[in-house]
Amino acid sequence: GYFHQRVAQCRYSSKDLHGAEFIDSYVFNQAEYIRFNSTVGKYVGYTEHGVYNAETWNKGSVLAQELGELERYCKHNAANEYSAILDKTG
């Protein structure tokens, strides 16, 4: 069979969210073929298919939506993430 996976991650380097980063990766059969990184600000392709999609997605509304995910998803939920982690450490 085939395996397709999409992984969205928020990475935080400090509690003030200055270095927060949103990463959205697409994987097919255990090989990442395209990734959006909020620090880079665009999609980057790692295979022929990924490069083609990156060129297409960087021109349209898909990119605009991804650019907003750092604020909408990561920074909005950061307080919950930190409290969940800090409440469980001792």
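The structure under discussion appears in the preceding block.
These figures come from a predicted structure and were not determined experimentally. (Residues numbered from 1 in each chain as written. Predicted model: local features only at pLDDT ≥ 70, side-chain atom pairs only at ≥ 80, totals over all residues. Heavy atoms only, no water.)

Draft legend 1. Seen up close, the state of the cysteines. What the rule picks out here adds up to 1 disulfide. For Cys 10, the disulfide goes to Cys 74, at an S-S distance of 2.1 Å. Here Cys 10 and Cys 74 share a disulfide; its torsion about the S-S bond, -85 degrees, makes the bridge left-handed. A residue pair is termed long-range when its members are at least 10 positions apart, and Cys 10 in strand S1 (residues 4-11) and Cys 74 in helix H2 (residues 61-86) qualify at 64 residues. Look at Cys 10 and you get partly exposed, because its relative accessible area is 23%. Owing to a relative accessible area of 0%, Cys 74 belongs among the buried residues under this scheme. (Disulfide = S-S within 2.5 Å. Helix = DSSP H or I, 4+ residues; strand = E, 2+ residues; numbered from the N terminus. Buried < 20%, exposed > 50% of the residue type's maximum accessible area, 1.4 Å probe, protein only.)

Draft legend 2. Region of the structure containing helix H1 (residues 48-57). Residues of H1 that are buried: Gly 50, Asn 53 and Ala 54. With its buried residues spanning 105 degrees around the axis, H1 presents them on a single face. Residues of H1 that are exposed and angled more than 90 degrees away from the buried face: Glu 48 and Tyr 52. Where H1 is buried, its residues contact strand S3 (31-37) and strand S4 (42-45). (Arc of directions from axis to C-beta. Contact = heavy atoms within 4.5 Å.)

Draft legend 3. Examining the nonpolar core more closely. In terms of nonpolar packing, the biggest core is built from 11 residues, these being Ala 20, Phe 22, Tyr 26, Tyr 33, Ile 34, Phe 36, Tyr 43, Ala 54, Leu 63, Leu 70 and Cys 74. Listing elements by their share of this core, those giving two or more residues are strand S2 (21-28), S3 and H2. Ignoring sequence-local partners within four residues, the contact set of Leu 70 consists of Ala 20, Glu 21, Phe 22, Ser 38 and Lys 75. (Core = buried A, V, L, I, M, F, W, Y, C linked by side-chain atoms within 4.5 Å.)

Draft legend 4. Molecular detail of the environment of Ala 8. Position of Ala 8 relative to the elements: it lies in strand S1. Exposure remark for Ala 8: the relative accessible area of 46% places this residue in the partly exposed category. When the C-alpha positions of Ala 8 and Ser 25 are compared, they lie 6.4 Å apart, and in sequence the two are 17 residues distant. In this view, Ala 8 contacts Phe 22, Ile 23 and Asp 24; residues no more than four positions away in its chain are not counted.

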